[in-house]
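Residue strings, one per chain:
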Amino acid sequence: QVQLVESGGGLVQAGGSLRLSCAASGRTFSNYAMGWFRQAPGKEREFVATISASGASTYYADSVKGRFTISRDNAKNTVNLQMNSPKPEDTAVYYCARSSASYWSNILGQYDYWGQGTQVTVSS
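An account of the accompanying structure is given in this report. (Residues numbered from 1 in each chain as written. Predicted model: local features only at pLDDT ≥ 70, side-chain atom pairs only at ≥ 80, totals over all residues. Heavy atoms only, no water.)

**Here we look at the sheet that holds strand β8 (residues 78-84)**
- An order of β1-β3-β8-β7 is seen for the 4 strands of this open sheet, with the pairing classed as antiparallel. Of all the strands in the sheet, the pair left with one neighbour each is β1 (4-7) and β7 (68-73). Neighbour-to-neighbour, the strand axes of this sheet turn through a mean angle of 15°, independent of strand direction.
- Direction of pairing for β7 relative to β8: antiparallel, over a ladder of 6 bridges. Residue pairing for β8: R72 is matched across the bridge by V79. (Pairing = 2+ DSSP bridges. Helix = DSSP H or I, 4+ residues; strand = E, 2+ residues; numbered from the N terminus. Axes fitted to C-alpha atoms, helices over the stretch in contact; angles between N-to-C directions.)

Following this line, the structure appears as structure tokens:
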């Protein structure tokens, strides 16, 4: 089985910064693309960012492009999301997920393992 555990969520002021981390179990972590998704109250879960297995390719939702950065450290089995200049509309539960493929994907159904989520609240 694969276990994903997010950390780093919390309360942050608009214009500040926050770094989310996801620790993954399993020896094959480096073979799969990873992604971050989020779900705000009353809304559907939406794509945020994704990174290929090697870390060479990344892709972002238009809403976070230029503000958020996804990265991974395959030696440590971790994937991160650096959130700069967060806005109140970024408030949501953020989920780390593992893709079934090595290349990045922004499709929710492409991901087969999910973390429990970590709450991010951005105050104005």
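**A look at the environment of N74**
- For N74, the location among the structural elements is in the loop between β7 and β8.
- You can call N74 partly exposed: its relative accessible area is 25%.
- Distance in space between the C-alpha atoms of N74 and Y59 is 18 Å, their sequence separation being 15 residues.
- If near-sequence neighbours (up to four positions away) are discounted, N74 is found in contact with F29, S30, A53 and S54. (Buried < 20%, exposed > 50% of the residue type's maximum accessible area, 1.4 Å probe, protein only. Contact = heavy atoms within 4.5 Å.)

**Regarding the state of the cysteines**
- According to the stated counting rule, one finds 1 disulfide in the structure shown.
- Here C22 connects covalently by a disulfide to C96, the sulfurs 2.1 Å from one another. Sign of the S-S torsion, about -75° for the bond between C22 and C96, identifies this disulfide as left-handed. Placement of C22 in strand β3 (residues 17-24) and of C96 in strand β9 (residues 92-99) is noted, with a sequence separation of 74 residues between them.
- Classification of C22 as buried rests on a relative accessible area of 1%.
- Of the residues examined, C96 reaches a relative accessible area of 0% and is grouped as buried. (Disulfide = S-S within 2.5 Å.)

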